[in-house]
Amino acid sequence: MVKITSKEKIITSFKGRHVISIRDFKKEELDLILDQAEILEKIPRAEKCKILDGYHLGIIFYEPSTRTKISFTRAADTLGMKWEGIADPKTSSASKGETLRDTVRNLVGYEFDALVIRHNDDGSVRRASEYSHYPNKHLEFPGEPIPILNGGDGSNQHPTQTMLDLYTIKESQGTMDSLTYLFHNDLKNGRTIHSLAEALLLYQPKKVYFCSSSRLKMPRHIISKYKKSDIEFEEVSRYEDVLPEVDILYDTRPQLERENFTDDLKERIKSMYRIRAHTIKEKAKESMKIMHPLPRNQNLMSPEEECDDLPQAYYFKQAHNGLFVRQALLCLVKGVSF
Amino acid sequence: MVKTDIRNYLRIRPIEEGIVIDHLRPGTGLFILNLLNYEGLRVTPGLNYDTSKEIDGELLYDGKKDIMFIEGGELTSDHIGAISIVSPLAVINHIKESKVINKIASKDRIAEYATGEEYSGKLGVLEVPNSLGNILLCANPKCTTNKEGGDRCFEVIQKPTESLDLVVGCGYCEKEFYGDVIRFYTGQRLSDVGKTRYYLK
Ligand SMILES: [Zn+2]
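Computed from a predicted model, the values in this text were never measured in an experiment.

Even after reading the chapter, I still don't get the interface of chain B and chain A, so can you show me in this structure?
Many authors give the size of an interface as the accessible area that is lost as the parts come together. With 18 residues of chain B at the contact, the number on the chain A side is 22 residues. Taken over both partners, the interface formed by chain B and chain A buries close to 1,600 Å², and the fraction arising from carbon and sulfur atoms is 34%. Among the residues chain B hides against chain A, the three largest losses belong to Glu148, Tyr172 and Glu174 of chain B. Together they make up 43% of the total. For the interface between chain B and chain A, the tally reads six salt bridges. A salt bridge links Glu174 of chain B to Arg126 of chain A, with the nearest nitrogen and oxygen atoms 3.5 Å apart.

Any chance you could explain the sheet that holds strand 11 (residues 176-178) of chain B here in plain terms?
Within a sheet, adjacent strands bond to each other through the backbone by hydrogen bonds, running parallel or antiparallel. Residue and element names in this part refer to chain B. Read across the open sheet, the four strands follow the order 7-9-10-11; overall the sheet is antiparallel. The sheet terminates laterally at strand 7 (131-132) and strand 11, the two strands that pair on one side only. Here strand 9 (residues 154-158) runs beside strand 10 (residues 167-170); their pairing, made up of four bridges, is antiparallel. Across the sheet, the residue bridging to Gln158 is Val167, located in strand 10.

Hey, could you run me through the coordination of the zinc ion in this one?
When a metal carries six donors in an octahedron, the ideal angles between them are 90 or 180 degrees, while four donors in a tetrahedron ideally lie at 109.5 degrees. Note on the zinc ion: its protein donors are Cys138 of chain B (SG), Cys143 of chain B (SG), Cys170 of chain B (SG) and Cys173 of chain B (SG). The metal-donor distances range over 2.3 to 2.4 Å. The coordination sphere of the zinc ion comprises four donor atoms, whose angles at the metal cover 100 to 115°; the geometry is tetrahedral.

For this particular structure, what's the right way to read the side chain of Ser21 of chain A?
Mapped onto the elements of the fold, Ser21 of chain A is located in the loop between helix 1 (6-14) and helix 2 (27-42). Looking at Ser21 of chain A, the relative accessible area reads 0%, which means it is buried. With residues up to four places along the chain from it excluded, the contact list for Ser21 of chain A reads Arg126, Gln157 and Pro159 of chain A together with Glu174 of chain B.

Please clarify how the confidence of the model for chain B should be interpreted in this entry.
Predicted coordinates in regions of low pLDDT should not be interpreted in detail. Residue and element names in this part refer to chain B. Mean pLDDT over chain B: 86, with 90% of residues reaching 70 or higher. Across chain B, the element-wise mean pLDDT spans from 84 in strand 2 (residues 43-55) up to 97 in strand 7. With pLDDT under 50 throughout, residues 197-201 is counted as low confidence; its partners more than four residues away or in other chains account for ten contacts. Interface predicted TM-score (ipTM) for the complex: 0.90; the corresponding pTM is 0.89.

How should I be thinking about empty space enclosed by the protein in this particular structure?
If you roll a probe as big as a water molecule over the atoms, it shows you where there is empty space left. Residues and elements named next belong to chain B. The tally for this structure, following the rule as stated, stands at one cavity of 30 Å³ or more. Its volume calculated, the largest cavity comes out at about 40 Å³. Along the walls of the largest cavity sit Leu136, Leu137, Cys138, Ala139, Phe154, Val168, Phe177, Val181, Ile182 and Arg183, which together make up its complete lining. Residues belonging to the lining of the largest cavity are distributed by class as follows: nine nonpolar, no polar and one charged.

Rules used throughout
Starting from 1, residues in each chain are numbered consecutively following that chain's sequence as written. Chains and ligands are labelled sequentially in the order written, the chains with letters from A and the ligands with numbers from 1. For this predicted model, a pLDDT threshold of at least 70 governs which residues receive local features, and a threshold of 80 or more governs which side-chain atom pairs are given and counted, while totals over whole chains, interfaces and linings are taken from all residues. Excluding hydrogens and water, the side-chain values take into account all heavy atoms of the structure. Contacts are residue-level and defined by heavy atoms, with any inter-residue pair within 4.5 Å sufficient. Put simply, buried area is the surface a 1.4 Å probe can reach on two separate parts but cannot reach once they are joined, added for both. When a carboxyl oxygen of Asp or Glu is within 4 Å of a side-chain nitrogen of Lys or Arg, the pair counts as a salt bridge. Two strands are counted as paired when DSSP detects at least two bridges linking them. Starting at the N terminus, helices and strands are each numbered in turn, a helix being any DSSP run of H or I of at least four residues and a strand any DSSP run of E of at least two. With water excluded from the atoms, a metal site may look incomplete; its donors are any N, O or S atoms within 2.8 Å, or within 3.2 Å for Na, K and Ca. Geometry assignment treats four donors as tetrahedral when all angles are between 85 and 135 degrees, treats four as square planar and six as octahedral when opposite donors are over 155 degrees apart and all others between 65 and 115, and treats everything else as irregular. Each residue is assigned to one of three classes by its accessible area relative to the maximum for its type, calculated with a 1.4 Å probe on protein chains only: buried under 20%, partly exposed between the two thresholds, exposed over 50%. On a scale of 0 to 100, pLDDT captures the predictor's confidence in every residue. Points on a 1 Å grid, built from protein atoms alone, make a cavity when a 1.4 Å probe fits but cannot get out and make a pocket when they are open with protein on both sides within 12 Å along at least 5 of 7 lines; residues with an atom within 4 Å of a point are the lining residues. Grid points are joined across faces, edges and corners, and a volume is the space filled by probe spheres set on the points. Residues were grouped as follows: Ala, Val, Leu, Ile, Met, Phe, Trp, Tyr, Cys and Pro as nonpolar; Asp, Glu, Lys and Arg as charged; and all remaining residues, including Gly, as polar.

In structure tokens:
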């Protein structure tokens, strides 16, 4: 009898699976995605482009995001997978009042092997995934539902971003465990930060610092999850003080346009919560890495360009890692693993 | 000629088949009535009935309660969930052939029924469920359930206790709501019925 390892079980469970929310994934499953991404990063281009030859990916973006889109289309291209951007839904059916679930019901008939959806409504991609099987259950069922990958649903989830963040941490530090993390700047408005902070609850960080102005603090529901966990955490207001301990500094752009602050307060937040190269040079470990979901703001926002040449600057590599993570997901949902 | 059936004017007919929700916290009757009315159930409400308590063999006045008489209907698990939230000490009686065949009530009451001699039918515990469905509305206006409609589902993240509010999370937009923000599909807010004073131990 052939013994099925737990890894094989997880691989099998990925086939045909939707990728909607980071909350749907267990630690072992995330670890598998990261392992597969690591393997894919090392496979030469000439070999890689045969892996998903003959497969077709549909890309439906209701909300423009050049970087997410190109990251998915390049992931498909480099695996030899054909892709089709479904023409801006704003100018087609959606403008006639068609719901996302009807759009998906229509598309499943066209033999796509996977769909990537980005939509403005929170939770919309989960709803769409309920309709990715053949439209009428009374007709003969033609096969598995088409896996749907969430490219961002409003302010809710962007699971591939969180996976690439985890990949970047693992790549640069070798592990997610026993590290000290510092989440910095606007902790209230960033879904990236919220998802990553929640994902870290699956691991064993040494300590997690949340550093922000009192007006832009981490939401209560995340803090209460940390309180219930064994993870040591602290809310601080100045990053300089704790910097020497930190292994991962995750910075964000303050989304002050969403806030009703006075101009004076906005300026104060901008200048106080700005990562400065000389502070990093003076206080941070050489092995510390600065991460940022990008885009960063041009003016005073951190991290500034002056940080780009520091050994700690890692945000562009972080963005590039999105390619390997998305390649890994496309392979796994089609039942391909290494 | 319109004929009036005099029986409609009688107080409350005993129910032969259906459900009686007894011991509803006063003030929650209308709230529950609204939920049930929405689905076209045949309901007779009873508001501010006196309750009594037996102490040393004497029946003493013990405050007020609301009662709902539902003829021939069934409650969904969502209805029972809503009752457990707004009135955790209510007793839901299933009646068949004029007999109570099933009681759903708080743990303490269940214990009383189980040891007492008056009732020998089935018993079930009334407690806040782990998830709720269409009975709630998502409070996030950007949620797909509010934009494009469709079924809703909510995870109960925190069951209410004396010191903690009910917290629910939307299964679609993943936002969490508590206290006054929680709204039922009738448009009624949880805060409309006030904070329930009779919490379970
Ligand atoms: Zn919602």
